[in-house]
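An overview of the molecular structure
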Amino acid sequence: TLRIDSEADDNINSLCHDFLHVIGRTAYDKYGDFNKAVIYHQDFCNSGYIHGLFESYFRSNKDPFKNLAKMCEYSADVRAFDRWQCQHGIGHGLMYYTAGDVGESLDICESALSEEATIDCRNGVVMELWNSELLAKEPDFINKNNPLKTCENMSIAKTECYVYVPVYMHQT
């Protein structure tokens, strides 16, 4: 239904990714297991579904970092793009886990994942920073008067920051 509605209505299409975050969170809550819920993942609307899965995964696990490095190995035939989306989704989930603490989220990417996965995870962290949904600690990182300064002040993930800052500037 969301796919059909987003193709027919530009307003729904503009919110489609965020809707899929909610659907992903709900699916994780329903199935209670990442591997059971991830089988419903599609690339649709920039893969917001898998981002939502990780948001609920981090919220509901006592030790979410225990197998984090293996989370994106859910299928032997997973495509490179799906692996990127999954590792990127970890970054989104970490932002929810840390209530929007960019520095802490980036540090977890570094300490819990491989080098390749860390780069993808950073991308998800920074994308979440600039999404329309404001998490508790994000205002501490965002320079509202000059969002580009936010990126300039970052020591890591600076390139990713510059990629996503136009989204924020378009929304404000």
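Keep in mind the model is a prediction, meaning the values are calculated, not measured.

1. Structural notes on the overall build of the protein
Across its full length, the protein holds 9 helices and 0 strands. Beginning at the N terminus, the succession of helices and strands in the protein can be written as α-α-α-α-α-α-α-α-α. For the protein, the C-alpha radius of gyration of 15 Å lies close to 16 Å, the compact-globule estimate for 172 residues. Taking all 172 residues of the protein together, 47% fall into the buried category. Taking the average place of the 15 positive charges on the side chains of the protein and the average place of its 26 negative ones, the gap between the two points comes to 5 Å.

2. Considerations on the nonpolar core
Counting residues in hydrophobic clusters, the biggest one holds 44 residues, and the most contacted among them are Phe34, Leu53, Phe54, Ile90 and Trp130. Elements represented by at least two residues in this core include exactly α2 (10–31), α3 (34–38), α4 (44–60), α5 (80–97), α6 (102–112), α7 (115–130) and α9 (158–171). Setting aside residues up to four positions removed in sequence, Phe34 forms contacts with Tyr28, Ile50, Leu53, Phe54, Met71, Tyr74 and Cys86.

3. What to know about α6
Along α6, the residues classified as buried are Val102, Ser105, Leu106, Ile108 and Cys109. The buried residues of α6 all sit within an arc of 155° when viewed along its axis, so they share a single face. Along its buried surface, α6 packs onto α5 and α7. In this structure Asp101 caps α6, since a side-chain oxygen of it lies 3.2 Å from the backbone nitrogen of Gly103.

4. Describing the confidence of the model for the protein
On average, the protein scores 92 in pLDDT, and the residues at 70 or more come to 99%. Looking across the protein, the model is least confident in α9, with a mean pLDDT of 90, and most confident in α6, with 96.

5. What about the packing of aromatic side chains?
Aromatic rings considered in pairs are described by the distance between their centres and by the relative angle of their planes. Within this structure, the stated rule accounts for 12 aromatic pairs. Judged by centre distance (6.2 Å) and plane angle (35°), the ring pair of Phe54 and Phe58 falls under tilted. With Phe54 and Phe58 both in helix α4 and 4 residues apart, the pair spans about one turn of that helix. Accessibility assignment for this pair places Phe54 and Phe58 in one class, buried.

6. Comments concerning the side chain of Arg25
With respect to the secondary-structure elements, Arg25 resides in helix α2. Within polar-contact distance, the side chain of Arg25 engages the side chain of Glu55 at 2.4 Å. Once you skip the residues sitting within four places of it in the chain, Arg25 turns out to touch Gly52, Leu53, Glu55, Ser56, Arg59, Tyr96 and Glu133.

7. Section: the state of the cysteines
By definition, a disulfide links two cysteine residues through a covalent bond between their sulfur atoms. One pass over the full model with this rule turns up 4 disulfides. With its sulfur 1.9 Å from that of its partner, Cys16 forms a disulfide with Cys45. The chirality of the disulfide connecting Cys16 with Cys45 is right-handed, given an S-S dihedral of about 100°. One end of the pair, Cys16, is in helix α2; the other, Cys45, is in helix α4, and 29 residues separate them in sequence. In this structure, Cys16 and Cys45 share a single accessibility class: buried. Put simply, Cys151 and Cys161 are joined by a disulfide, and their sulfur atoms are 2.1 Å apart. When the S-S torsion is -75°, as for the bridge of Cys151 with Cys161, the disulfide is left-handed. Within this pair, whereas Cys151 is found in helix α8 (residues 147–152), its partner Cys161 is found in helix α9, the two being separated by 10 residues in sequence. Numbered in order of appearance, the disulfide-bonded cysteines of the protein are paired 1-2, 3-4, 5-6, 7-8.

Rules behind the numbers
- Residues numbered from 1 in each chain as written.
- Predicted model: local features only at pLDDT ≥ 70, side-chain atom pairs only at ≥ 80, totals over all residues.
- Heavy atoms only, no water.
- Helix = DSSP H or I, 4+ residues; strand = E, 2+ residues; numbered from the N terminus.
- Rg over C-alpha atoms; globule rule 2.2 N^0.38 Å.
- Buried < 20%, exposed > 50% of the residue type's maximum accessible area, 1.4 Å probe, protein only.
- Lys, Arg positive; Asp, Glu negative; His and termini not counted.
- Charge placed at Lys NZ, Arg CZ, Asp CG, Glu CD.
- Core = buried A, V, L, I, M, F, W, Y, C linked by side-chain atoms within 4.5 Å.
- Contact = heavy atoms within 4.5 Å.
- Arc of directions from axis to C-beta.
- Polar contact = N/O pair within 3.5 Å; in protein donor to acceptor, adjacent residues only side chain to side chain.
- pLDDT = per-residue confidence, 0-100.
- Phe/Tyr/Trp six-rings, centres within 6.5 Å; stacked < 30°, edge-to-face > 60°.
- Disulfide = S-S within 2.5 Å.

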